[in-house]
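Fold and contact review
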Amino acid sequence: ARRADGGEAPLEVVNLEDVPPREALRSFGERHPQYRVLVCGGDGSVAWVLGEVEQLDAPYRPAVAILPLGTGNDMSRVLGWGKYFRPQSLRARLAALSLSRVALLDRWGVAGSLPDG
C-alpha cells in the first residue's frame, strides 16, 4: 500500500481468533500515529471492532472500512461497502479504501427487561 506522499504504508493482518481487536489496535497504534482499519467479516466482527475503537484510550481513533465476508452484512451495505464480496473485485475494493470518505457514526445500546410470565 502507498501513502499519500508516495511512501510505503505498513500493513498488518490480524486474525481476531488469535488476537482480540483491543490488543491489535493498541499495538498498532503504539507504532503508528495514524492508521486505518479494514475489517474482513460480517456485522458481528464489525460491531466488535467498532466497540473496541470507541473504547480506545488514545489520542487517535482510526477510520474503519469493511470487506463484507459475513452472512447479512447489513452494516457494510448501509455504509456503501456492499453486501457481498467477490474475489475478482478485491483489487478495486482495496484501491477504493484510499479514496473513501470518513463518516462518523452514532452507536448506542438498549437495555430492558420483559415482564414475568
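The residue numbers shown here count from 1 along each chain, following its written sequence. A pLDDT threshold of at least 70 governs which residues receive local features in this predicted model, and a stricter bar of 80 or more applies before side-chain atom pairs are shown or counted, although totals over entire chains, interfaces and linings include all residues. Just so you know, side-chain values use all the structure's heavy atoms and leave hydrogens and water out.

Side note on the overall build of the protein chain
Where we set the bar: Put simply, DSSP marks the helices as runs of H or I at least four residues long and the strands as runs of E at least two long, and each gets a number from the N terminus on. The classification of residues rests on relative accessible area computed with a 1.4 Å probe and restricted to protein chains. Under 20% of the type maximum is buried, over 50% is exposed, and intermediate values are partly exposed. We call two residues in contact whenever any of their non-hydrogen atoms come within 4.5 Å of each other.
Per the secondary structure count, the protein chain includes four helices and two strands. Going from the N terminus to the C terminus, the protein chain shows its helices and strands as α-β-α-β-α-α. With the C-alpha coordinates aligned to their principal axes, the bounding extent of the protein chain is approximately 65 × 35 × 30 Å. By residue count, 24% of the 117 residues in the protein chain fall in the buried class. Excluding contacts between residues fewer than 6 apart, the proportion of contacts in the protein chain whose partners are at least 24 apart in sequence is 54%.

Here we look at a nonpolar patch on the surface
To keep it simple, the criterion reads: Patch construction takes residues with relative accessible area above 30% that form no salt bridge. Like charges are linked within 9 Å, and nonpolar side chains (Val, Leu, Ile, Met, Phe, Trp, Tyr) are linked within 5 Å. Per-residue accessibility takes into account occlusion by the displayed protein chains alone, with areas from the Shrake-Rupley method and a 1.4 Å probe. Note on definitions: salt bridges are taken to be side-chain nitrogens of Lys or Arg within 4 Å of carboxyl oxygens of Asp or Glu.
On the surface, a nonpolar cluster with roughly 220 Å² of combined accessible area is contributed by Leu38, Leu90 and Leu94. Tracing the backbone shows Leu90 in helix H4 (residues 90-97). Accessibility expressed as a relative area gives 34% for Leu90, which makes it partly exposed.

So, the nonpolar core
Let me state the cut-off plainly: Only buried residues count toward a nonpolar core. Its members are Ala, Val, Leu, Ile, Met, Phe, Trp, Tyr and Cys residues joined through side-chain atoms within 4.5 Å.
Leu25, Tyr35, Val37, Val39, Val46, Val49 and Trp81 are the most contacted members of the largest nonpolar core, which has 14 residues in total. Among the elements of the structure, helix H1 (21-31), strand S1 (36-41), helix H2 (43-54) and strand S2 (63-68) are those that each provide at least two residues to this core. Of all the elements, H2 adds the most residues to this core, at four residues. Every residue in contact with Val49, bar those within four places of it in the chain, is listed here: Leu16, Pro21, Leu25, Val37 and Val39.

A few points about the packing of H1 against H2
Our working definition: The axes are straight lines fitted to the C-alpha atoms, using for helices just the contacting stretch, and the angles between their N-to-C directions are given from 0 to 180°. Between 65 and 115 degrees an angle is taken as roughly perpendicular, under 35 as roughly parallel, over 145 as roughly antiparallel, and anywhere else as oblique. Here is the rule for handedness: rotate from the far helix to the near one, and if that takes an anticlockwise turn smaller than a right angle the crossing is left-handed, while a clockwise turn gives right-handed. Basically, the charged four are Asp, Glu, Lys and Arg, the nonpolar ten are Ala, Val, Leu, Ile, Met, Phe, Trp, Tyr, Cys and Pro, and anything else, Gly included, counts as polar.
Two elements in contact, H1 and H2, have axes separated by 9 Å at closest approach and are oriented at 50 degrees. Between H1 and H2, the angle falls in the class oblique. When the axes of H1 and H2 are compared, the crossing they make is right-handed. Taking contact as the criterion, the partners of Pro21, Arg22 and Leu25 in H1 are, on H2, Trp48, Val49, Glu52 and Val53. Its residues placed into classes, the contact of H1 with H2 shows five nonpolar, no polar and two charged.

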